[in-house]
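Architecture at a glance
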Amino acid sequence: MENGKKRFNWKQLLLPVTLLFFVTACDTFLDDEKYAGVPHSLRYMSIDTYRIGDDYVSVTPTVMGGEGAIFTIESIDGPASDEVKASSFSIDSNKGNINIKEYCRLLPGEYSLAVKVSNPSGSEVFENAFAFTAVQVQPSKLSYVPSLYSFYGTSTGDLTSPANVNGGGPYSFSLDDPFNYFAIDEQTGEIEKIAEVDVADDSKLIKTYDVGVANELGSYNAPKAITIEIIGANVGKLAYNAEYKTPNEVSLGLINSTASTLAGSYTDVVNEEDYTTELSESTNGPIFKGNRFTNSWHIATAPVVMDQTGGGERVNTLFLSFKTASSTTECVSIVVSDAIQLEGAISAYAEIAAYKRYIDNDFNQRFALLVCDDEAYNEEDPFASQWFEIEANIAPGMLPYSNPIKESSLLAAGEGTQAFAIPGDFVGSKVRMALKAVHLNPELGNLGREAFVYKWQVRAKY
């Protein structure tokens, strides 16, 4: 007591707060039965309508149960065909994000997905876990995969793939070709070469076309939707052209190739000595940061001065890219092409245009070019395929980074473009090609390196 007043005791106020802190910070709530056992109570943030053809990724769902959940799509109900439904959806096996893929061919109507969730304690199928109404809208995008074709001048009847469109069919396609070299299928958008064209044996004539599309709600014109090379007899015909799109949380941005990252014990020769390390999936798997992935082949955007195929403007361009998460993160990652048809070819070669950042040695990091027969390709484990190494490290031939990067430099032989002959044992059959990034033993040097591939093509002569 002081002057008849009771002194305020701050310790009395702090004590309950301190106790509250320790109670809320403890882990006892994890013992609740909600957080153990077989998965239950799966919840997605619902959407009412989906515009057909949009690229949509759901918010990560919540699920109760033990740790280590694996997500798969069990079934899909809706008015589209089973083939269209199967190709229109994907799910992140570890996080559960559902992706409705861009340019899908869903029909208008109600859709419902059943999702299976498994963990070490068991599994559960959640019916109607993700549902929405697909609606037709005016066409807004159009693309071809691949976007580049090569047809011999003397041939007719060659076809492109059908067009991919956002909006919802049925569609009506149109092509403005004043030379009448090509005709377009009004229903599918396939473009057929209908005329012979005189072109020198060692030359090629490049034609780029706008393609129009309409449905009952409106129309859209896609500028420079497709490029077709009309080639002479001695020019290699395009057998594969890597195609990309902007990545999202569940997509690396690869269209006609697939990527995977190695986990587990791995042995390689590093600096002329055998080296063994343990690569964990959580550390070395694809990691999404910001708007790009690391530790895996993926798509990234970089500006390029279009001084060869444009008017010198700087354009943000998509590159097949590789980047480690940090300067000390070891990883081994592979990107594999779709099957490449080389039947009937007498020779073939791969052409790669790329630039590099901070890659200055091959003691502990390299980018290998590989090939294997399609029959020897292991889709479940690409690393177990019977690969033949065409080139142990293509990095030395990449264009060193400068600002700005010029398209003409990237495409110039001896600067940014390299050609690699495909061994004769693989010519004449169906093959796969791959780029393999190997970044090991950071004690030998910084692993924070980047490669950017502008063009990855395979050409064949017949």
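For the structure itself, look to the data block above.
One structure accompanies this document, and this report is about it. This is a predicted model, so every value here is computed, not measured.

Cut-offs and rules
Each chain carries its own residue numbering, running from 1 in the direction its sequence is written. Given that the model is predicted, a residue must reach a pLDDT of at least 70 before its local features are reported, and side-chain atom pairs must reach 80 or more before they are shown or counted; all residues, however, enter totals for whole chains, interfaces and linings. To obtain the side-chain values, all non-hydrogen atoms of the structure were included, while hydrogens and water were left out. Per the convention used, a helix needs a DSSP run of H or I reaching at least four residues, while a strand needs a run of E reaching at least two, with both numbered from the N terminus. Buried, partly exposed and exposed residues are distinguished by accessible area as a fraction of the type maximum, computed with a 1.4 Å probe on protein chains only: under 20%, between the cut-offs, and over 50%, respectively. The protein chains shown are the only cover counted for residues, whose accessible areas, like all others here, come from Shrake-Rupley with a 1.4 Å probe. Only four residue types enter the charge count, namely Lys and Arg as positive and Asp and Glu as negative; His and the chain termini do not. Charge coordinates come from a single atom per side chain, which is NZ of Lys, CZ of Arg, CG of Asp or CD of Glu. Any two strands with at least two DSSP bridges between them are considered paired. Should a side-chain nitrogen of Lys or Arg be within 4 Å of a carboxyl oxygen of Asp or Glu, the pair is scored as a salt bridge. Nine residue types can take part in a nonpolar core, namely buried Ala, Val, Leu, Ile, Met, Phe, Trp, Tyr and Cys, and a core is a set of them joined through side-chain atoms within 4.5 Å. As a rule, the C-alpha atoms of each element are fitted with a line to give its axis, helices using only the stretch in contact, and angles between N-to-C directions run from 0 to 180 degrees. Contacts are residue-level and defined by heavy atoms, with any inter-residue pair within 4.5 Å sufficient. Polar contact is the term for a pair of N or O atoms within 3.5 Å; when the atoms are in protein, one must be able to donate a hydrogen and the other to accept it, and sequence-neighboring residues count only if both atoms are side-chain atoms.

**What about the overall build of the chain?**
- Helix and strand counts for the chain stand at four helices and 35 strands.
- A burial count over the chain gives 46% of its 462 residues as buried.
- Total accessible area computed for the chain in this model is approximately 23,300 Å², and 49% of it derives from carbon and sulfur atoms.
- Considering the chain, the positive charge centre built from 34 side chains and the negative charge centre built from 61 side chains are found 10 Å apart.

**Points about the pairing of strand 29 (residues 365–373)**
- For strand 29, the tally of buried residues reaches eight of nine residues, placing the bulk of the element in the interior.
- In terms of strand pairing, strand 29 meets strand 34 (residues 430–439) through nine bridges, oriented antiparallel. Across the sheet, Ala368 pairs through a bridge with Lys436, a residue of strand 34.
- Relative to strand 30 (residues 388–391), strand 29 runs antiparallel, the two being bridged by three bridges. By the bridge assignment, Val371 is partnered in strand 30 with Phe388.

**Structural notes on the pattern of salt bridges**
- The full count for this structure, using the stated rule, is ten salt bridges.
- Here Arg366 and Asp268 are joined by a salt bridge, their closest N and O atoms 3.5 Å apart. Of this pair, Arg366 sits in strand 29 while Asp268 sits in strand 20 (residues 264–270), and the two are 98 residues apart along the sequence. Comparing Arg366 with Asp268 shows no difference in burial state: the two are buried.
- The partner of Lys323 in a salt bridge is Glu450, and the shortest N-O contact between them spans 4.0 Å. One end of the pair, Lys323, is in strand 25 (residues 314–323); the other, Glu450, is in strand 35 (residues 450–461), and 127 residues separate them in sequence.
- Residue Glu450 is classed as buried on the basis of its relative accessible area, which comes to 6%.
- Residues participating in the shared-partner salt-bridge network are Lys204, Glu229 and Arg459.

**Some remarks on the nonpolar core**
- Counting 40 residues, the largest nonpolar core has Leu320, Met433, Leu435 and Trp456 as the members making the most contacts within it.
- Put simply, the parts of the chain that give this core at least two residues each are strand 25, strand 26 (331–337), strand 28 (347–357), strand 29, strand 34 and strand 35.
- Ranked by residue count, the leading element in this core is strand 35, at five residues.
- Of all hydrophobic cores here, the second largest spans 24 residues; its members include Cys104, Leu113, Ala129 and Phe132.

**Topic: the sheet that holds strand 8 (residues 109–119)**
- Judged by pairing direction, the sheet is mixed, and its four strands sit side by side in the order 2-9-8-5 without closing on themselves. What marks the edges here is a single partner per strand, and that holds for strand 2 (49–51) and strand 5 (70–77). Adjacent strand axes in the sheet meet at a mean angle of 40°, parallel and antiparallel pairs treated alike.
- Sheet topology places strand 2 next to strand 9 (residues 122–135); three bridges connect them, and they run parallel. The partner of Tyr50 across the bridge, within strand 9, is Ala134.

**As for the sheet that holds strand 7 (residues 98–100)**
- Read from one edge to the other, the open sheet built from three strands follows the order 3-7-6, with strand pairing classed as antiparallel. Because the sheet does not close on itself, it has two edges, and the strands there are strand 3 (56–57) and strand 6 (89–91).
- In terms of strand pairing, strand 6 meets strand 7 through three bridges, oriented antiparallel. In the strand pairing of strand 7, Ser90 is matched with Asn99.

**Focus on the environment of Glu273**
- Examined against the element boundaries, Glu273 turns out to sit in strand 21 (residues 273–279).
- Spatially, the C-alpha atom of Glu273 lies 28 Å from that of Pro286, the residues being 13 residues apart in sequence.

**Some details on the side chain of Ser143**
- Within the secondary structure layout, Ser143 lies in strand 10 (residues 141–143).
- Ignoring any residue separated from it by four or fewer positions in sequence, one finds Ser143 in contact with Tyr103, Ala163 and Asn164.

**Describing the pairing of strand 26**
- Burial runs high along strand 26: seven of the seven residues are buried.
- Burial along strand 26 is two-sided: Cys331, Ser333, Val335 and Ser337 facing one way and Val332, Ile334 and Val336 facing the other are all buried.
- Note that strand 19 (residues 257–261) and strand 26 share five bridges and pair antiparallel. Looking at strand 26, one finds that Thr261 is bridged to Ser333.
- Strand direction decides the pairing type here: strand 26 and strand 34, joined by six bridges, are antiparallel. Paired with Ile334 across the two strands is Lys436, which belongs to strand 34.

**Considering the side chain of Glu102**
- Among the structural elements, Glu102 can be located in the loop between strand 7 and strand 8.
- A distance of 3.0 Å separates the side chain of Glu102 from the side chain of Lys141, its partner in a polar contact.
- Setting aside chain neighbours within four positions, we find Glu102 in contact with Gly53, Asp54, Asp55, Lys141, Asn166 and Lys245.

**Structural notes on unusual backbone geometry**
- Of note, the bond from Val145 into Pro146 is cis; its omega dihedral lies within 30 degrees of zero at 0°.
- Tracing the backbone through its elements, the reader meets Pro146 in the loop between strand 10 and strand 11 (148–152).
- Positioned with a positive phi, Asn441 is a non-glycine residue whose angle comes to about 55°.
- Topologically, Asn441 is positioned in the loop between strand 34 and strand 35.
- The buried category is assigned to Asn441, whose relative accessible area is 15%.

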